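Each chain, letter by letter, is given below.
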Amino acid sequence: MSELFSKDCFSPSYTEGSIMEEFENEIIDELRHISAELKEIWNEIGFDAKNCSVRQNRTRELVTNLLKDVLVGETSLRNQLAKSIEDNGKEFYHLNKELGICLPDPDDTLKLYDLERCLRHKVAELRTEVNKRRDTLRDLRDKEKELCDRLSEEPCIIPKKPIPSKEDMEEVERRIRTLEQEKTNREKTFKRLKRNLSSLLEQLELKPSYPFEHSILSDIEGLFILSCENLQKLKQLNEDYDQKVKENECACLQLHEQIRLLYDRLEVDPVERDNFFASINSPTPSVLTTLQRELERLEELKRQNMSRFINQLRRELEILWEKCHICERERNSFLPYFTEGYTEEILEAHDNEVMRLNAYFNDHKQIFMKIKQRHEVWNKLVQLEEKANDPNRLFGNRGCSLLQEEKERKRVKNELPRVEKELEELVLASEAKHGKPFLIDDKTISDYITDQWHKYNEQKAQEKKVRQNNRVKQLNSESRLGPNSTKRRLARNDSMRNSKLRRIGEEHSMAHSSIADGIQRRSERENIRSSVVHGHKKTPLVKRRVSPRYPPPGLPKTPMTLPRISTRRSPRVHGNRRSPRNSTVTRTITTPSSSRALRSPYAGPSRLGTPSRWSKLSFLI
């Protein structure tokens, strides 16, 4: 645009002096030529000097006036050019400033005509730029208004100016981009809520009944205004219908449970039951109506089978009492349970009580599960303690069972406090939530656990006291009658002895010759090698299978010892199983007449009435 102000563009091809000289010469020549022709014409006409003088004056006046008019016209033109330059110059500077273009000033050497033309063309270009900006701003404003109307938003506020600035246009463009992004987000939200609303209305079997719902579900674009208020109303509408669907689902579930329970109590055919539930596929109002009718039908059948229903509810009530750890006082307070008649009121009372206990169990389900877990750990602990007090477990320690038992005992002892702590934390949380204490058999959880431990410790102390009393009685009896008789009585009265020991005790209650024959036959049958049976130096040759556990040839195979009389088994034997090295040990309890024959000659007499080291019956095999 600055090239319009170049000096070369408007410089004349010839100088001003040559133009004027040529102009003057042409006028003079033209005047001379015209004067000569006028003179000839006047001579031909025959004008005298006076007439010619008059006509010359008139012609001169005309030419002078004409030249004056030309001068006036040119002067007017010069003034117009000056005014145009002044006006266009002002407009040029104004537009240049408003548009922020900062064009350079025109060249000072330009003449009026060139300057005027330059300014005029430049102003025309600036006006074109102004019109372009105005058109652009108008289009932006229209687009902004459309978005604002769609979103129900206010347009951006810019000061009113005759010429829009670049900053104003950029501000409107930013506003348009923001509105477009907001429109995209709101359209996504609207489409999602619209699909959800359509699905909810379908589940509720409803049609749009309000203009607002019609505008939402209509396919006409732009009918629904994407304002924040409308979207919030649409969201609330979805929540309301969703709540109704959830209420229907909850009602369906309740009806399902009631119908299923009545089916079980009425012992309805499973095929009929499955066919009915197969037709129920969604929680619609029609389905609710169907379930309600079926429940009413079953309720009528329930009234016709009142006694059977009440008895079933009583059995369920007993199970819930056990599951919820209801104390006897609270059980006895439910009087309808002990009523003999069968009425609608009693049935309703049982039904309400079962529902109440079911709700109570579900509210505290985690606590009851933790109580069950603690009972299992507690029973395991008691079982391990009882097993640890059983001496017979020492005779069957195969596969490191004692080590495994000890590990299990340590694990249970560590687990029980942890479970009890978790149980107390659950109870505290439940009491804080429901605002009332949680009771087990009419006791708090801490009292319940403390009482159980107290009873357990008392039982262990009582058992220990019983064992001590039995031991004192045994020592007193041995001091009066001798060790063999005491052990005989203990062996006969011991209920923990196995059948083999009782069988041996019965055999030795017979005569001495019968005892010897029985021992002889048993020793041959069970491969028992003993100097008591076969003599002090004679041992029967028993055919055995070769085993790397037996000692090498040349070593004595049978120790020169006598059997030891005992009421217990040898620590080498467990039950009726054979030792891995030798055959089964036969133990016997002797009468006073036969004890002398079965005692080892190497064993000294017992002192102070206490049993000697070899007073127990045991074969070293």
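Residues numbered from 1 in each chain as written. Predicted model: local features only at pLDDT ≥ 70, side-chain atom pairs only at ≥ 80, totals over all residues. Heavy atoms only, no water.

### Brief notes about the nonpolar core
With 41 residues, the main nonpolar core has Ile 259 and Leu 291 as its most contacted residues. At eight residues, the largest contribution of residues to this core is made by helix α10 (residues 306-324). Judged by nonpolar contacts, the second largest core, of 24 residues, contains Leu 193, Leu 200, Leu 204 and Val 245. (Core = buried A, V, L, I, M, F, W, Y, C linked by side-chain atoms within 4.5 Å. Buried < 20%, exposed > 50% of the residue type's maximum accessible area, 1.4 Å probe, protein only. Helix = DSSP H or I, 4+ residues; strand = E, 2+ residues; numbered from the N terminus.)

### Regarding the environment of Leu 99
If you trace the backbone, Leu 99 turns up in helix α3 (residues 49-99). A relative accessible area of 2% places Leu 99 in the buried class. For the pair Leu 99 and Ile 163, spaced 64 residues apart in the sequence, the C-alpha separation amounts to 7.3 Å. Not counting residues within four places of it along the chain, the set of residues in contact with Leu 99 comprises Leu 126, Glu 129, Val 130, Arg 133 and Ile 163. (Contact = heavy atoms within 4.5 Å.)

### Overview of unusual backbone geometry
One non-glycine residue with positive phi stands out, namely Glu 205, at about 60 degrees. Topologically, Glu 205 is positioned in the loop between α5 (166-203) and α6 (211-217). Phi at His 325 takes a positive value of approximately 55 degrees, unusual for a residue other than glycine. Within the secondary structure, His 325 is located in the loop between α10 and α11 (328-333).

### Thoughts on a nonpolar patch on the surface
A cluster of nonpolar side chains, Ile 19, Met 20 and Phe 23, forms an exposed patch at the surface whose accessible area comes to about 260 Å². Along the chain, the position of Met 20 falls in helix α2 (residues 16-45). (Patch = residues over 30% accessible without salt bridge, like charges linked within 9 Å, V, L, I, M, F, W, Y side chains within 5 Å. Areas by Shrake-Rupley, 256 points an atom, 1.4 Å probe, with all protein chains shown as cover. Salt bridge = Lys/Arg side-chain N within 4 Å of Asp/Glu carboxyl O.)

### Section: a negative patch on the surface
Together, Glu 22, Glu 26, Asp 29, Glu 30, Glu 37, Glu 40 and Glu 44 make up a negatively charged patch on the protein surface. For Glu 26, the location among the structural elements is in helix α2. We classify Glu 26 as partly exposed; its relative accessible area is 47%. (Lys, Arg positive; Asp, Glu negative; His and termini not counted. Charge placed at Lys NZ, Arg CZ, Asp CG, Glu CD.)

### Things to note about a positive patch on the surface
A grouping of Lys 191, Arg 192, Arg 195 and Lys 235 is seen on the molecular surface, where their side chains present a positively charged patch. Looking at the positive patch element by element, the count peaks at three residues for α5. Inspection of the secondary structure puts Arg 192 in helix α5.

### A few points about the packing of aromatic side chains
Inspection of the entire model under this criterion finds 15 aromatic pairs. When the centroid spacing of 5.3 Å and the interplanar angle of 10 degrees are considered together, the rings of Phe 361 and Phe 368 count as stacked. The pair Phe 361 / Phe 368 is uniform in exposure class, with both members buried. The aromatic ring of Phe 212 is capped on one face by Lys 233, whose charged end is 4.6 Å from the ring centroid. (Phe/Tyr/Trp six-rings, centres within 6.5 Å; stacked < 30°, edge-to-face > 60°. Lys NZ or Arg CZ within 6 Å of the ring centre and 35° of its normal.)

### Side note on the pattern of salt bridges
Under the definition given, this model contains 33 salt bridges. For Lys 246, the salt bridge goes to Asp 242, with nearest N and O atoms at 3.5 Å. With Lys 246 and Asp 242 both in helix α7 (residues 228-266), this residue pair falls four residues apart, about one helical turn. The class for Lys 246 is partly exposed, based on a relative accessible area of 47%.

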